[in-house]
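# Structure at a glance
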Amino acid sequence: QVQLVQSGGGLVQAGGSLRLSCVASGQTFSGYAMAWFRQAPGKDREFVAVQFASGNAYYGVSEEVRFRISRDNRKDSVDLEIDSLRPEDTAVYYCAGGRVRRPADSVRPTSYTYWGQGTQVTVSA
């Protein structure tokens, strides 16, 4: 059974940093793109970042300098680091895995086959 299990998140003050982690099991994900999405209350799921199997990364948020995605194929894991957190970063964050190769496809949730359980990130002002 393929699973993506997330950890990290929680309540953070504005200006702080955090790291979200996602570990896959059940199969190797070295040939898959691994991505992060987020969903705020009442909003659609929003693409945050992806790291393709090639190692190239693509960021969807307007200020990508605050976000950093990294993966470790030996561990089938992917992390998302967020700096200078803002209240508008408050959302449930999801990791996802899929056979995606193009940035244009990577931003769509429907491109991904596997999803983590989601983890709440709340940023207080």
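Residues numbered from 1 in each chain as written. Predicted model: local features only at pLDDT ≥ 70, side-chain atom pairs only at ≥ 80, totals over all residues. Heavy atoms only, no water.

### Here's the deal with the state of the cysteines
In plain terms, the rule: The definition used for a disulfide is geometric: two cysteine sulfur atoms within 2.5 Å. We count a stretch as a helix when DSSP gives it H or I for four or more residues in a row; a strand needs E for two or more, and each element gets its number in order from the N terminus. Classification of residues uses two cut-offs on accessible area relative to the type maximum, computed with a 1.4 Å probe and protein chains only: under 20% is buried, over 50% is exposed, and between them is partly exposed.
According to the stated counting rule, one finds one disulfide in the structure shown. Here Cys-22 is linked by a disulfide to Cys-95, with a sulfur-sulfur distance of 2.1 Å. Every disulfide takes its handedness from the sign of the S-S torsion; for Cys-22 and Cys-95 that torsion is 60°, giving right-handed. Taken together, the residues Cys-22 in strand S3 (residues 18–25) and Cys-95 in strand S9 (residues 91–98) connect sequence positions 73 residues apart. Judged by its relative accessible area of 0%, Cys-22 falls in the buried class. Residue classification places Cys-95 among the buried positions, given a relative accessible area of 0%.

### A short note on the nonpolar core
In summary, soluble globular proteins display a tendency toward joint burial of nonpolar side chains. Definition in use: Among buried residues, those of type Ala, Val, Leu, Ile, Met, Phe, Trp, Tyr and Cys that are joined through side-chain atoms within 4.5 Å constitute a nonpolar core. Contacts are assigned to residue pairs that have any heavy atoms within 4.5 Å of one another.
Formed by 26 residues in total, the largest nonpolar core has its most connected members in Trp-36, Val-48, Leu-80 and Tyr-93. Contributions of two or more residues to this core are made by S3, strand S4 (33–39), strand S5 (46–51), strand S7 (67–72), strand S8 (77–82), S9 and strand S11 (119–124). With four residues, S3 is the single largest residue contributor to this core. Setting aside chain neighbours within four positions, we find Val-48 in contact with Trp-36, Phe-37, Arg-38, Tyr-58, Tyr-59, Gly-60, Val-61, Phe-67, Leu-80 and Tyr-93. Among the nonpolar cores identified, the runner-up in size contains nine residues, and Ala-35, Phe-37, Val-50 and Phe-52 belong to it.

### Quick look at the environment of Val-121
As for its position among the elements, Val-121 is in strand S11. Each C-alpha atom of the pair Val-121 and Ala-91 lies 5.5 Å from the other, and the pair is 30 residues apart in sequence. In this structure, Val-121 is in contact with Gly-9, Gly-10, Leu-18, Leu-20, Asp-89, Thr-90, Ala-91 and Tyr-93, ignoring residues within four places of it in sequence.

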